[in-house]
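Fold and contact review
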Amino acid sequence: MSPQARRDELIRAALDLFASRAPELVTVDDIIVRADVSRPLFYRYFSSLRELQIEALHTVTDGLIDGLARRQEGTPLDRLRGVVRGLIDVAAEYQAGYIALLRGGSVIATSETDAVVDQVRNRSVELILEATGVAEPSPLLLLTLRCWTAVVEGALLTWLQERTIPREDLDGWLVDQLVAMVAATAAHDPTVAVLLDAT
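Here the structure is a predicted model, which means the values were calculated and not measured.

1. Thoughts on the overall build of the protein
Helix and strand counts for the protein stand at ten helices and zero strands. Scanning the protein from its N terminus toward the C terminus, one meets helices and strands in the order α-α-α-α-α-α-α-α-α-α. Relative to its 199 residues, the protein shows a buried fraction of 46%. Restricting to contacts in the protein with at least 6 residues of sequence separation, those with at least 24 account for 65%. Here the protein has roughly 9900 Å² of accessible surface; of this, 52% comes from carbon and sulfur atoms.

Pasting the structure below:
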């Protein structure tokens, strides 16, 4: 097995374990048993458990960015639903890692992972603007879109933990939330009517 493949295997083992317990409760011993490797081999690839935890969370954020990159044909609303579905898919696949990354007070989340999460948020805003053809958004529109990304994160965290809403309804509901927020913003900023017309 190549060094990169072995490293990826250890990351997958950590993410598998995160699916059943909080990342801060997973030990090196847990990971080496799951990956069927020795302790010295673990430390050949990662200097510490902390380093592996951060790499595992980077895998989640990379998946989120990949999910955002998924394209769907159709109207701007159709494309937005496709983007949100991609986010839901990744959040569900890496549920424990996603929760650890975004929940307040996580001992795993750091300034480094926070910066990567900000990249995901910024990419979300960029894609919405691309989908709707808005080249020069007003400050109030940008604020609206950034607030909506917080709504998505909060909704996904709750949904992952409670699953009280059918998955197939979640993306449409979140896009409808965006439309409602943009409509409210349009009442205060006439330039935002362009976005409403586009959708």
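2. Some points on the packing of aromatic side chains
Across all of its chains, the model carries two aromatic pairs by this definition. An angle of 40° between the planes, with centres 6.0 Å apart, marks the rings of Phe42 and Phe46 as tilted. In this structure Phe42 comes out as buried when scored by relative accessible area, which is 0%. For Phe46, a relative accessible area of 0% puts it in the buried group.

3. Overview of the environment of His188
Inspection of the secondary structure assignment puts His188 in the loop between α9 (167–186) and α10 (193–198). Owing to a relative accessible area of 66%, His188 belongs among the exposed residues under this scheme. Between the C-alpha atoms of His188 and Leu140, which are 48 residues apart in sequence, the distance is 8.5 Å.

4. Some details on α9
Taking 1.5 Å per residue as the helical rise, α9 with its 20 residues ought to reach 28 Å, and the 30 Å between its terminal C-alpha atoms agrees with that figure. Buried within α9 are the following residues: Leu170, Asp171, Gly172, Leu174, Val175, Leu178, Val182 and Thr185.

5. With respect to the side chain of Asp171
Counting through the fold element by element, Asp171 comes out in helix α9. Among the polar contacts made by the side chain of Asp171, one reaches the side chain of Arg85 at a distance of 2.9 Å. Look past the residues within four positions of Asp171 in its chain and what remains in contact with it is Arg81, Val84, Arg85 and Ile88.

6. What to know about the pattern of salt bridges
The final tally for this structure, using the stated rule, is eleven salt bridges. With its nearest N and O atoms 2.7 Å apart, the salt bridge here joins Arg121 to Glu153. Of the two residues, Arg121 sits in helix α7 (residues 111–132) while Glu153 sits in helix α8 (residues 139–162), which places them 32 residues apart along the sequence. Since its relative accessible area comes to 15%, Glu153 is described here as buried.

7. Section: α8
For α8, spanning 24 residues, the distance from its first C-alpha to its last is 35 Å, which sits close to the expected 34 Å at 1.5 Å a residue. Looking at the residues trailing α8, positive phi occurs at Arg163, about 50°.

8. Concerning unusual backbone geometry
A positive phi angle is found at Asp36, which is not glycine, with a value near 60°. As for its position among the elements, Asp36 is in the loop between α2 (28–35) and α3 (39–45). Given a relative accessible area of 69%, Asp36 falls into the exposed group. The residue Arg163 is not glycine, and still its phi comes out positive at about 50°. With respect to the helices, strands and loops of the structure, Arg163 is situated in the loop between α8 and α9.

9. Remarks on the environment of Ala14
Within the secondary structure, Ala14 is located in helix α1 (residues 3–18). As a C-alpha pair, Ala14 and Gln53 span 39 residues in sequence and 7.5 Å in three-dimensional space. Setting aside anything within four residues of it in sequence, one finds Ala14 in contact with Ile31, Leu52 and Ala56.

Conventions adopted
Residues numbered from 1 in each chain as written. Predicted model: local features only at pLDDT ≥ 70, side-chain atom pairs only at ≥ 80, totals over all residues. Heavy atoms only, no water. Helix = DSSP H or I, 4+ residues; strand = E, 2+ residues; numbered from the N terminus. Buried < 20%, exposed > 50% of the residue type's maximum accessible area, 1.4 Å probe, protein only. Contact = heavy atoms within 4.5 Å. Areas by Shrake-Rupley, 256 points an atom, 1.4 Å probe, with all protein chains shown as cover. Phe/Tyr/Trp six-rings, centres within 6.5 Å; stacked < 30°, edge-to-face > 60°. Expected span 1.5 Å × (residues − 1). Polar contact = N/O pair within 3.5 Å; in protein donor to acceptor, adjacent residues only side chain to side chain. Salt bridge = Lys/Arg side-chain N within 4 Å of Asp/Glu carboxyl O.

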